[in-house]
Each structure stands twice: as structure tokens, then as C-alpha cells.
Amino acid sequence: NAVKKGVNLEKYMLLPVEQYALVPMPLDATLSRLENGSKSDFELVVPPVEFLSLKVQPVVEAEVRLESDRVVITSQKCTLSGSPFIEKVKLNERFDFKIDCELTWVDSSVSSPTITTEQEE
């Protein structure tokens, strides 16, 4: 990963959420802003995963909030689609989904900029 001269991790992380770059996702996943959501609402579509003859494709809606010293990502909505079996057994009604993720960083001229994550349980 090339770093341009003068790029500062803290300044990048503190950009307004609507200015965050949407980079290509691995494995053909997609990340986009929700059409009817605010500028901080995103949708992550994971490519279908196959288990034997069962195909599952998760779609997660998340909110990204910028705080003074961290980026907070939260979600309580994940919808599964794919094989007809998912609808037949009403799989989306059989699980709870909650994500709380905080991204913090250390950016100094003495050491390499790093990003750390902390997961709440």
C-alpha cells in the first residue's frame, strides 16, 4: 500500500463519514450507502456462501458514526437470502444480530500509523 507524502491517518479518519472512500471489497462483496438512509447508513452485501446444497447471502445494514477520537460502526439488521430453504424455515426470524465496533488509531511521526479495533461483548 503506497502512502502519499503528507497523508495523515488521523486527518483521514476524522473526515466526515460521507467523504469516506468506498474501496473495492474482497471476494466481490459490495459496500454502498443506503438509498433511503442518511449519509452515515451503509449496506454490505456479502457474496453467497454455499454449504453443501444450501446457499446463504447475508446483507447487513450498518450506521457509521464519527466521534472525536474514534469511528463507531453499529448494526442490528442482517437479512439472509439465497436457497428457498432459508425462506421455508423462516431463518431470518430465528436469530438476533448486533454489531458494535469501535475503530481507534495511533498516528505519530515517531512510529508507523496503525489502526486498532476493540470489540464489545
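Residues numbered from 1 in each chain as written. Predicted model: local features only at pLDDT ≥ 70, side-chain atom pairs only at ≥ 80, totals over all residues. Heavy atoms only, no water.

### Thoughts on the pairing of strand β5 (residues 70–82)
Look at any regular strand and the pattern is simple: side chains alternate between the two faces of the sheet.
Thought 1: Sheet analysis places strand β4 (residues 54–67) next to β5, joined by eleven bridges and oriented antiparallel. Considered in β5, the bridge of Gln57 is made with Ser81.
Thought 2: Connecting the antiparallel pair β4 and β5 is a turn made up of two residues.
Thought 3: Pairing analysis gives five bridges linking β5 to strand β6 (residues 99–106), with the strands arranged antiparallel. Looking at β6, one finds that Ser75 is bridged to Ile99. (Pairing = 2+ DSSP bridges. Helix = DSSP H or I, 4+ residues; strand = E, 2+ residues; numbered from the N terminus.)

### Some words on the nonpolar core
Thought 1: Judged by nonpolar contacts, Leu9, Met13, Val17, Phe42, Val64, Val71, Leu103 and Trp105 together constitute the single largest core of eight residues.
Thought 2: Of all the secondary-structure elements, those providing two or more residues to this core are α1 (9–13) and β6.
Thought 3: By size, the runner-up hydrophobic cluster in this structure holds five residues, among which are Val56, Val60, Leu80 and Ile86. (Core = buried A, V, L, I, M, F, W, Y, C linked by side-chain atoms within 4.5 Å. Buried < 20%, exposed > 50% of the residue type's maximum accessible area, 1.4 Å probe, protein only.)

### A word on the pattern of salt bridges
Thought 1: Tallied over the full model, the rule gives five salt bridges.
Thought 2: For Glu67, the salt bridge identified is with Arg65, shortest N-O distance 3.4 Å.
Thought 3: Between Asp69 and Arg70 there is a salt bridge, and its shortest N-O distance comes to 3.1 Å.
Thought 4: Connected via shared salt-bridge partners are Asp69, Arg70 and Glu102. (Salt bridge = Lys/Arg side-chain N within 4 Å of Asp/Glu carboxyl O.)

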